[in-house]
Amino acid sequence: MDLLDTIDKNNLPKHLAIIMDGNGRWAKKQGLLRAFGHERGTKSVKEIIKSSAKLGIENLTLYAFSTENWNRPKLEVDTLMKILINSLKKELPTLEKNNIKLNAIGNLEKMPKSAQKELIDVIEKTKNNTRMTLTLALSYGAREEITNAIKQISDKVKNNIISIDAIDDSIINEHLYTHNLPDVDLLIRTSGEHRVSNFLLWQIAYAEFYFTEILWPDFTEQNLYEAIISYQKRERRFGKTSEQIK
Ligand code: IPE
Ligand code: IPE
Ligand code: MG
């Protein structure tokens, strides 16, 4: 039987987040430069975006570049930025055709001007699309996001816009880059690493984690289905007992 047929369309993660890892190792395995791995990674990006939308996932967030990734060799950073700009240009029709809205989170001002321009352009052109919101995490770091939120909230307290007592989960949420998105339900990380690497720390409080050894350039639609099937077999208790859930 087709894996797709075993997926319960009424129990999909509302927000799927992916740490796309292993491009460098994929290239090294073939005796190629890391840049080839990043280039090949875009093939998986395209396939996973299309299959997520087709499946009915409403929010897909992809970790594409972290605040810490700025510390990589300049040549690699430049290559990644070039790949991003080209992909945005090339994939606008795919987003349009599939009714996907683009969103970006992170310290976008640190991105090269040409990347910012391309991002703004695609975000503007896809803003009325409704099937799925695709969020790219670029120059993203969860600690920086939370620090920014604390600064903004502190400023509002100082100026008597909100009282200290009013600060709660939802106020903090409103000040994060992800204020328009629900919490993450399923977090996938490829390449066999079992860590979060400063991704969506607040938003994954009750996420289900799925780790796979597969390197990102080898990750396919079928692998996505496997992750979702694993997610659907789990009981999410949110602190309650199993009896309370049933
Ligand atoms: C993920 O692949 C892409 C980015 C972090 C930008 P890596 O480049 O981290 O690949 P590995 O982990 O070195 O194999
Ligand atoms: C996390 O991958 C960031 C992205 C996938 C964009 P890294 O490869 O940078 O993470 P670490 O350094 O191995 O934790
Ligand atoms: Mg990596």
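So, a few notes on the structure that sits alongside this text. (Residues numbered from 1 in each chain as written. Chains lettered and ligands numbered in written order. Predicted model: local features only at pLDDT ≥ 70, side-chain atom pairs only at ≥ 80, totals over all residues. Heavy atoms only, no water.)

1. A few points about the site of ligand 2
Neighbouring residues of ligand 2: Ile 19, Met 20, Asp 21, Tyr 63, Ala 64, Phe 65, Asn 69, Arg 72, Arg 189, Arg 195 and Ser 197. Contacts to ligand 2 include Asn 69, whose side-chain N or O atom sits 2.9 Å from an oxygen atom. In the model, an oxygen atom of ligand 2 is placed 2.8 Å from a nitrogen or oxygen of the Arg 195 side chain. Contact with the protein chains hides 78% of the accessible area of ligand 2, taken as 390 Å² for the molecule alone. Across the shell around ligand 2, the residue classes tally to 5 nonpolar, 2 polar and 4 charged. (Near = heavy atom within 4 Å. Polar contact = N/O pair within 3.5 Å; in protein donor to acceptor, adjacent residues only side chain to side chain. Areas by Shrake-Rupley, 256 points an atom, 1.4 Å probe, with all protein chains shown as cover. Nonpolar A, V, L, I, M, F, W, Y, C, P; charged D, E, K, R; others polar.)

2. Observations regarding the sheet that holds strand S5 (residues 186-189)
Strands sit in the order S3-S4-S2-S1-S5-S6 across an open sheet of 6 strands; the sheet is parallel. The open sheet has two edge strands, strand S3 (100-105) and strand S6 (208-211), and neither has a second partner. Neighbour to neighbour, the strand axes of the sheet diverge by 20 degrees on average, direction disregarded. With 4 bridges connecting them, strand S1 (residues 15-19) and S5 associate as parallel partners. Bridging from a neighbouring strand, Leu 16 pairs with Leu 186 of S5. Lying on the sheet, helix H7 (residues 221-232) is in contact with S1, S5 and S6; it crosses S5 at an angle near 135 degrees. (Pairing = 2+ DSSP bridges. Helix = DSSP H or I, 4+ residues; strand = E, 2+ residues; numbered from the N terminus. Axes fitted to C-alpha atoms, helices over the stretch in contact; angles between N-to-C directions. Contact = heavy atoms within 4.5 Å.)

3. Focus: the site of ligand 1
Around ligand 1, 13 residues are found, and the nearest of them are Asp 21, Gly 24, Arg 25, Arg 34 and Arg 72. Between ligand 1 and Gly 24, the relevant distance is 2.9 Å, taken from an oxygen atom to a main-chain nitrogen or oxygen of the residue. Burial of ligand 1 by the protein amounts to 87% of the accessible area it has alone, namely 380 Å². Secondary-structure elements contributing two or more residues to the shell around ligand 1 are helix H1 (23-29), helix H2 (34-55) and helix H3 (74-97).

4. What about a negative patch on the surface?
On the surface, Asp 168, Asp 169, Glu 174 and Asp 183 cluster together to form a negatively charged patch. Note on placement: Asp 169 falls in helix H6 (residues 169-174). Note on Asp 169: relative accessible area 56%, which makes it exposed. (Patch = residues over 30% accessible without salt bridge, like charges linked within 9 Å, V, L, I, M, F, W, Y side chains within 5 Å. Salt bridge = Lys/Arg side-chain N within 4 Å of Asp/Glu carboxyl O. Lys, Arg positive; Asp, Glu negative; His and termini not counted. Charge placed at Lys NZ, Arg CZ, Asp CG, Glu CD. Buried < 20%, exposed > 50% of the residue type's maximum accessible area, 1.4 Å probe, protein only.)

5. Quick look at the pattern of salt bridges
Under the defined criterion, the tally for this structure stands at 17 salt bridges. Put simply, Asp 78 and Lys 74 hold a salt bridge, and the shortest N to O gap is 2.7 Å. A residue pair is termed a helical-turn pair when its members lie 3 or 4 positions apart in one helix, as Asp 78 and Lys 74 do in helix H3 at 4 residues. On the accessibility criterion, Asp 78 (32% relative accessible area) is partly exposed. Between Lys 125 and Asp 121 there is a salt bridge, with the nearest N and O atoms lying 3.1 Å from each other. Linking Lys 125 with Asp 121, this pair stays in helix H4 (residues 113-125), spanning 4 residues, or about one helical turn.

6. Comments concerning the packing of aromatic side chains
In total, this model carries 8 aromatic pairs according to the counting rule given. Ring geometry for Tyr 63 against Phe 199: centres 4.2 Å apart, planes inclined by 10 degrees, an arrangement best described as stacked. Here the residue Tyr 63 occupies a position in strand S2 (residues 59-66), and Phe 199 occupies one in the loop between S5 and S6, the gap between them amounting to 136 residues. Here Tyr 63 and Phe 199 have matching classes, each one buried. Pairing Tyr 140 with Phe 199 gives two aromatic rings, centres 5.9 Å apart and planes at 90 degrees, and the pair type is edge-to-face. Pair noted here: Tyr 140 is in strand S4 (residues 132-140) and Phe 199 is in the loop between S5 and S6, with a separation of 59 residues, a long-range link. Assessed through its relative accessible area of 0%, Phe 199 is described here as buried. A connected cluster of aromatic rings, assembled from ring pairs, spans Tyr 63, Tyr 140, Tyr 177 and Phe 199. (Phe/Tyr/Trp six-rings, centres within 6.5 Å; stacked < 30°, edge-to-face > 60°.)

7. Comments concerning H2
Taking 1.5 Å of rise per residue, 22 residues should cover 32 Å, and H2 covers 31 Å from first to last C-alpha, within 8% of that figure. One or two steps after H2, the chain reaches Gly 56, where phi turns positive at roughly 110 degrees. (Expected span 1.5 Å × (residues − 1).)

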